[in-house]
Amino acid sequence: MDQYPLRPFDSASPHEIEDAMERAEVVYFARCPVELPEESDLEFLRSGLPREFQVKNISYHPESDNIPRFEAAPDIKDRVERILRTHGQRVEAFLRRSTPDFVPGWTLGTTSFRSIEEQGRKLKPRSSNELVHIDAGAYGATNGARILRFFVNIHPSRDRVWGTKGSFNALMSREHELWAAAKGGKDRVALDKGPLDRLYSGFIHAVSKIYPLVQVIDSSPYDRSMRRIHNYMKENPAFRDSRDGYQEIHFPPLSAWMVFTDGISHSVLTGQHALVTTVLIPLANARTPDLAPFNVLARSAAA
């Protein structure tokens, strides 16, 4: 397989990093630029968790300052929360320095530990990370905000391997069926919120002041279009089997990378033990807004 041309960004300027991300490049660090948890904590995550907690995601939510639905013994829960909280704070500080234009109005999302081997999980297509997809609907309604994710491979000896078929823009230019999926049976892509969407989102926003996690059930026409594209990519056999534009990306142990995961297609072919921090970046912060998926779809909607 072809090797994705990873460029090191260890000494890049903020504008170089921001522009590369908006071009759907993977911003890669051969050694994680963020201080990692102590080795004893890393080993605890890798092998110290009881089997029942070795699941796809253990996610710390900063808005509630806990890990919801994590019914572990108090010492285990407190330790995992501390590890993930601290790592998320370190990633946030790094992003503030390295991508300052993205910061105003951003939404800090979860910091997750992905504990199990991705290969061979035999999940339903929509749930499988092994199938190439773009991310959609992070935390409910993004309304066009970009999904920035900062990854660290904390496996001590094995690469984490991604597959990609190219950027969102490249895919939309050559895969006409993706446009049909985005339209959802309508003549054109619908992006404007109607009265019911606005009423529903207003209700969710009010309730979220008391129960922050309720935000995950919010929606918008844009996010529904992106979800249909996501589902088509995973469920359509012709797309899944196509090798057009396909490449693989290898991330060695203790390397890190950050990318707009709504802007580049990706799958996880193999890999175990990763830390992932998610931040939503307002579309208004984009330096090249024409490249954002929302505006790619908007140009079609206006045609």
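Only a predicted model underlies this, so the values are computations on that prediction, with no experimental measurement involved.

For the rest of this paragraph, the subject is the packing of aromatic side chains. For the structure on display, the rule yields 10 aromatic pairs. Seen in terms of ring centroids, Phe 251 and Trp 257 are 3.7 Å apart; in terms of plane orientation they differ by 5 degrees. Their pairing is stacked. No difference in accessibility class separates Phe 251 from Trp 257, as the two residues are buried. One aromatic cluster in this structure is built from Tyr 28, Phe 151, Trp 162, Phe 251 and Trp 257. Here the basic side chain of Arg 146 rests over the ring of Phe 260, its NZ or CZ set 4.4 Å away from the ring centre.

At a minimum axis distance of 11 Å, the contact between helix 2 (residues 39-48) and helix 3 (residues 74-98) shows a crossing angle of 120 degrees. By the angle between their directions, the pair helix 2 and helix 3 is classed as oblique. Judged by the sense of rotation from one axis to the other, the crossing of helix 2 with helix 3 is left-handed. The segment helix 2 lies against helix 3, with Ser 40, Asp 41, Phe 44 and Leu 45 engaging Ile 76, Arg 79, Val 80, Arg 82 and Ile 83. Of the residues contributing to the contact of helix 2 with helix 3, the split by class is five nonpolar, one polar and three charged.

Strands sit in the order 1-2-8-5-10-4-3 across an open sheet of seven strands; the sheet is mixed. Strand pairing shows two members of the sheet lacking a second neighbour, strand 1 (7-8) and strand 3 (58-60), which therefore form its edges. Alignment of strand 1 against strand 2 (residues 27-29), held across two bridges, turns out to be parallel. Looking across to strand 2, one finds that Arg 7 is bridged to Val 27.

What follows deals with the pattern of salt bridges. All told, the structure shown has 19 salt bridges when counted by the stated rule. Residue Asp 135 pairs with Arg 149 through a salt bridge whose shortest N-O separation is 2.4 Å. Pair noted here: Asp 135 is in the loop between strand 4 (107-114) and strand 5 (146-153) and Arg 149 is in strand 5, with a separation of 14 residues, a long-range link. Judged by relative accessible area, which is 11%, Asp 135 ranks as buried.

A word on the packing of helix 5 (residues 176-183) against helix 7 (residues 221-235). Viewed as axis vectors pointing N to C, helix 5 and helix 7 meet at an angle of 135 degrees, and their least axial separation amounts to 7 Å. Classified by the interaxial angle, the pair formed by helix 5 and helix 7 is oblique. Where helix 5 crosses over helix 7, the two elements pack in a sense that is right-handed. Taking contact as the criterion, the partners of Glu 177, Leu 178, Ala 181, Ala 182 and Lys 183 in helix 5 are, on helix 7, Ser 225, Arg 228, Ile 229, Tyr 232 and Met 233. A per-class count over the contact of helix 5 with helix 7 returns six nonpolar, one polar and three charged.

This part is about the nonpolar core. Judged by nonpolar contacts, the single largest core of 40 residues is most densely connected at Val 80, Phe 150 and Met 258. Among the elements of the structure, helix 1 (14-22), strand 2, helix 2, strand 3, helix 3, strand 5, strand 8 (256-260) and strand 10 (274-281) are those that each provide at least two residues to this core. When residues in this core are grouped by element, the largest group, seven residues, is from helix 3. Setting aside residues no more than four positions away along its own chain, Phe 150 makes contact with Cys 32, Pro 33, Val 34, Val 91, Phe 94, Ala 256, Trp 257, Met 258, Leu 275, Val 276 and Thr 277. Within the second largest apolar cluster, 18 residues are counted, among which are Leu 171, Leu 178, Ile 229 and Leu 297.

Once that is clear, we can look at helix 6 (residues 195-208). Compared with an ideal rise of 1.5 Å per residue, which puts 14 residues at 20 Å, helix 6 spans 20 Å between its outermost C-alpha atoms and is within 8% of the ideal. Looking only at helix 6, the buried set comprises Asp 197, Ser 201, Ile 204 and Ser 208. In a view along the axis of helix 6, the buried residues occupy a sector of 60 degrees, so they form one face of it. Away from its buried face by more than 90 degrees, helix 6 exposes Pro 195, Leu 196, Leu 199 and Phe 203.

Rules behind the numbers
One numbering rule holds for all chains: residues counted from 1, following each sequence as written. In view of the model being predicted, local features appear only for residues whose pLDDT reaches at least 70, and side-chain atom pairs are presented and counted only at 80 or more, with totals across whole chains, interfaces and linings using the full set of residues. Side-chain calculation: all heavy atoms of the structure are included, whereas hydrogens and water are not. Ring pairs are drawn from Phe, Tyr and Trp, using the six-membered ring of Trp, whenever the two centres fall within 6.5 Å, and their geometry is named by plane angle: stacked under 30 degrees, edge-to-face over 60, tilted for the rest. Note on exposure labels: buried denotes an accessible area under 20% of the residue type's maximum, exposed denotes more than 50%, and partly exposed covers the range between, all computed with a 1.4 Å probe on protein chains only. Only Lys NZ and Arg CZ are tested; either one counts as a charge over a ring when it is within 6 Å of the ring centre and within 35 degrees of the ring normal. Simply put, an axis is a line fit to the C-alpha atoms, just over the touching stretch for a helix, and the angle between two N-to-C directions goes from 0 to 180 degrees. A run of H or I in DSSP becomes a helix once it reaches four residues, and a run of E becomes a strand once it reaches two; helices and strands are each numbered from the N terminus. Between 65 and 115 degrees an angle is taken as roughly perpendicular, under 35 as roughly parallel, over 145 as roughly antiparallel, and anywhere else as oblique. By convention the crossing between two helices is left-handed if the near helix lies anticlockwise of the far one by an angle smaller than a right angle, and right-handed if it lies clockwise. The contact criterion used is simple: two residues touch if any of their non-hydrogen atoms lie within 4.5 Å. Each residue gets one of three labels, nonpolar for Ala, Val, Leu, Ile, Met, Phe, Trp, Tyr, Cys and Pro, charged for Asp, Glu, Lys and Arg, and polar for the others, Gly among them. Note: two strands are recorded as paired if DSSP finds a minimum of 2 bridges between them. Here, a salt bridge means any side-chain nitrogen of Lys or Arg that lies within 4 Å of a carboxyl oxygen of Asp or Glu. By nonpolar core is meant a set of buried Ala, Val, Leu, Ile, Met, Phe, Trp, Tyr and Cys residues that side-chain atoms within 4.5 Å join together. Any helix carries an expected span of 1.5 Å times its number of residues minus one. Directions pointing from the helix axis toward each C-beta atom define the arc.

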